Amino acid sequence: ERRYVRYVCKNRNMELGEHSAYLAAAIDGEGHVKYRTGSRQRLTRLVIISNTEMEFIRACEEACAALGIKSSVRQRRFSEADGNRKDLYDLCISGRENLERLHESVRLRIPRKRDQLELCATTYKPDPPWDRVRDLRESGATFGEIAAELGAKPSTVGQWCRTLFPDTPEGRPQKTLDIGLC
């Protein structure tokens, strides 16, 4: 006799702690926490919960939404050549804000997954000093002057300024000309 487990997350009256516990159990049991350097030395930070039951994945997605964590769902189809395997559904959580919120919200029991999630959430570079960069740039400082003051590379300061001032002169480097007068 087979027994089936009902995925109860559709109860929208659940407390946040219950959503958190549900998601933690899903990650511990069916999840994978990926923190590694891949090809081209690019760092991957990702949490994936995989299962053949879409209802379970939807319940996990609802728990994420209740905790303010954005997630996406993808389906992996298998052909009959793969031995009649059922399709697999993945719930994916990535991005700094989502991983930080997940780390704050769930308490994983499996040490390896707990450690990987901590690395995923806590190893991002700190945010630039946006207010200071804005003040210096608006006062007319060049990328090089801002870089020297903040201990950053001029190219990094350029990226910050393009983020702060898209499509404006402050987002582009200043060109200076030395004109000697006789």
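Quick caveat: nothing in here was measured; it's all calculated off a predicted structure.

What counts, and where the lines are drawn
- Residues numbered from 1 in each chain as written.
- Predicted model: local features only at pLDDT ≥ 70, side-chain atom pairs only at ≥ 80, totals over all residues.
- Heavy atoms only, no water.
- Pairing = 2+ DSSP bridges.
- Helix = DSSP H or I, 4+ residues; strand = E, 2+ residues; numbered from the N terminus.
- Axes fitted to C-alpha atoms, helices over the stretch in contact; angles between N-to-C directions.
- Contact = heavy atoms within 4.5 Å.
- pLDDT = per-residue confidence, 0-100.
- Core = buried A, V, L, I, M, F, W, Y, C linked by side-chain atoms within 4.5 Å.
- Buried < 20%, exposed > 50% of the residue type's maximum accessible area, 1.4 Å probe, protein only.
- Parallel < 35°, antiparallel > 145°, perpendicular 65-115°, else oblique.
- Left-handed = near helix turned anticlockwise from the far one by under 90°.
- Salt bridge = Lys/Arg side-chain N within 4 Å of Asp/Glu carboxyl O.

J.: Would you take a moment to explain the sheet that holds strand β4 (residues 88-93) for this structure?
T.: Backbone hydrogen bonds hold the strands of a sheet together, and the pairing may be parallel or antiparallel. Across the sheet, which stays open at both edges, the four strands sit in the order β1-β2-β4-β3 with antiparallel pairing between neighbours. Two strands bound the open sheet, and with one partner strand each, they are β1 (31-37) and β3 (72-76). Sheet twist, expressed as the mean angle between neighbouring strand axes with direction ignored, is 30°. Bridging between strand β2 (residues 43-51) and β4 involves five bridges; their strand directions are antiparallel. Residue pairing across strands places I49 opposite L91, the latter belonging to β4. Where helix α1 (residues 16-30) meets the sheet, it contacts β1 and β2, and its direction lies at approximately 95° from that of β2. Together, β2, β3 and β4 form the strand contacts of helix α2 (residues 54-66), whose direction differs from that of β4 by roughly 10°.

J.: How should I be thinking about the confidence of the model for the protein in this particular structure?
T.: A low pLDDT score tells you not to read the predicted coordinates there in detail. Looking at the protein as a whole, its pLDDT mean stands at 84, while 81% of the residues score no less than 70. At the low end of the mean pLDDT range in the protein sits helix α7 (residues 154-164), at 87; at the high end sits β4, at 96. Confidence over residues 1-9 falls short of pLDDT 50; this stretch has 14 contacts with residues more than four positions distant or in other chains.

J.: What am I meant to see in the nonpolar core here?
T.: Note on soluble globular proteins: their nonpolar side chains tend to be buried together. In terms of nonpolar packing, the biggest core is built from 25 residues, with L23, I27, V47, I49, C60, I93 and L102 touching the most fellow members. Of all the secondary structure elements, the ones that give two or more residues to this core are α1, β2, α2, β4, α3 (96-105) and α4 (111-122). Element by element, the count of residues in this core is highest for α2, at six residues. Dropping the residues within four chain positions of it, I27 is found in contact with V33, V47, I49, L102, L108 and K113. Formed by eleven residues, the second largest nonpolar core is a distinct cluster that contains L136, F143, I146 and C161.

J.: Quick question: what am I supposed to make of the packing of α1 against α2 here?
T.: Two numbers describe how α1 lies on α2: the axes approach to 9 Å, and their chain directions differ by 135°. Put simply, α1 runs oblique to α2. Seen from above, α1 lies across α2 with left-handed handedness. Contacts from L16, H19, Y22, L23, A26 and E30 in α1 reach F56, A59, C60, E62, A63, C64 and A66 in α2.

J.: Teacher, can you tell me more about the pattern of salt bridges here?
T.: Close approach of charged atoms lets side chains of opposite charge pair. Tallying each qualifying case throughout the model produces ten salt bridges. In this structure, the salt-bridge partner of R132 is E149, at a minimum N-O distance of 2.5 Å. Linking R132 in helix α5 (residues 130-138) with E149 in helix α6 (residues 143-150), this pair joins segments that are 17 residues apart in sequence. When its relative accessible area of 46% is taken as the criterion, E149 is described as partly exposed. Several salt bridges share partner residues, and in doing so they unite R74, R76 and D90 into one network.

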